[in-house]
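Here are the chains, one letter per residue:
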Amino acid sequence: DKDNSGTLVKAEIVEAVSEQSNPVVLFLINCGNENLQYLLVPARLDAAMAAIDTDSDGEITAIEWEEAIEVALRAKLAARAERRAKSSAAARKEIAEFTAEFLSAAREVFELMDEDDSGTLVVDEIVKAVDPKKGNKKVIKFLET
């Protein structure tokens, strides 16, 4: 709003987006609102302005701009929520897989130590299984990890 009128007109928008690396352009590129992004495309500028200019007076007021920003914000928040949900689902899956593998390995180690297949471990079975020289390598490796 170069003239401090409280509104944006086409000429101000064109001037604001003429430099490709300025903060306005970077914001519009990444804002998440298609109509705001189209302000950067000369062939779509009029249509984008018309979509943002809800009262059709040829100017974008601060309120109209903020409404467009709210659309962008909702899109950004929805995208972030979707990424968090996917990440959370992947984490739950990884935890479930790790848990299953760990419990399976623990059961196998128990069975390796339970030499008499009694379903219980006595001190002698444990000591023998973990003996550094004569113990069961798989048991020792599991207990070290």
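Here we summarise the structure given alongside this text. Please read these numbers as outputs of a predicted model, since none were measured by experiment.

Rules used in this analysis
- Throughout this description, residue numbers start from 1 for each chain and increase along the sequence as written.
- Residues qualify for local features only when their pLDDT is at least 70, as the model is predicted, and side-chain atom pairs are given and counted only at 80 or more; totals for whole chains, interfaces and linings, by contrast, use all residues.
- Computation of side-chain values: all heavy atoms of the structure, hydrogens and water removed.
- Numbering of helices and strands starts at the N terminus; helices are DSSP runs of H or I of at least 4 residues and strands are runs of E of at least 2.
- The quantity called the radius of gyration is restricted to C-alpha atoms. Its globule counterpart is 2.2 Å times the number of residues to the power 0.38.
- Only protein chains enter the accessibility calculation, which uses a 1.4 Å probe; a residue is then buried when its area is under 20% of its type maximum, exposed when over 50%, and partly exposed in between.
- In what follows, residue pairs with any heavy atoms lying within 4.5 Å of each other are defined as contacts.
- Accessibility throughout is a Shrake-Rupley quantity obtained with a 1.4 Å probe, and a residue counts as covered only by protein chains that appear here.
- Any Phe, Tyr or Trp ring, taking Trp's six-membered ring, that has another such ring centre within 6.5 Å forms a pair; planes under 30 degrees apart are called stacked, those over 60 apart edge-to-face, and the others tilted.
- Buried residues of nine kinds, namely Ala, Val, Leu, Ile, Met, Phe, Trp, Tyr and Cys, make up a nonpolar core once their side-chain atoms join them within 4.5 Å.
- Note on definitions: the grid is 1 Å and covers protein atoms alone; a cavity is a set of points where a 1.4 Å probe fits but cannot get out; a pocket is an open set with protein on both sides within 12 Å along at least five of seven lines; lining residues have an atom within 4 Å of a point.
- Grid points are joined across faces, edges and corners, and a volume is the space filled by probe spheres set on the points.

Of the regular secondary structure elements, the protein holds seven helices and two strands. Order of helices (α) and strands (β) in the protein, N terminus to C terminus: β-α-α-α-α-β-α-α-α. Compactness check: the protein gives a C-alpha radius of gyration of 32 Å against a globular reference of 15 Å for 145 residues, more than 25% above the reference. Overall, the C-alpha framework of the protein stretches about 90 × 30 × 25 Å when taken along its three principal axes. Buried residues in the protein amount to 21% of all 145 residues. Sequence-distant contacts in the protein: of pairs separated by 6 or more residues, those separated by 24 or more amount to 41%. When the accessible area of the protein is evaluated, it comes to approximately 10,300 Å², of which 58% is carbon and sulfur surface.

What follows is about the packing of aromatic side chains. For the structure shown, the criterion picks out two aromatic pairs. Where Phe98 meets Phe102, the ring centres are 5.9 Å apart and the plane angle is 25 degrees; that geometry is what we call stacked. One end of the pair, Phe98, and the other, Phe102, are both in helix H5 (residues 62-113), four residues apart, so they sit about a helical turn from each other. Overall, the relative accessible area of 40% leaves Phe102 in the partly exposed class. Look at Phe102 and Phe142: their rings are 5.3 Å apart centre to centre, the planes differ by 40 degrees, and that puts the pair in the tilted class. You can see Phe102 sitting in helix H5 and its partner Phe142 sitting in helix H7 (residues 137-144), a full 40 residues away along the chain. The exposure class of Phe142 is buried, given its relative accessible area of 18%.

Moving on, we get to the nonpolar core. Counting 15 residues, the largest nonpolar core has Ile13, Leu36, Leu39, Met49, Ile52 and Ile60 as the members making the most contacts within it. Those elements giving two or more residues to this core turn out to be helix H2 (23-30), helix H4 (45-52) and H5. In terms of residues, this core owes the most to one element, H4, which gives four residues. Those residues within four positions of Met49 in sequence are excluded, and the remaining contacts are Leu8, Val9, Lys10, Ile13, Leu39, Gly58 and Ile60. Core analysis: the second largest hydrophobic core is formed by five residues, Val109, Met113, Val139 and Phe142 among them.

The computed volume of the largest pocket comes to approximately 170 Å³. For the largest pocket, the full set of lining residues is Asp1, Lys2, Leu8, Glu12, Ile13, Ala16, Val17, Val24, Leu28, Leu39 and Trp65. Looking at the lining of the largest pocket, the elements with two or more residues in it are helix H1 (10-16) and H2. The dominant element in the lining of the largest pocket, judged by the number of residues it contributes, is H1, at three residues.

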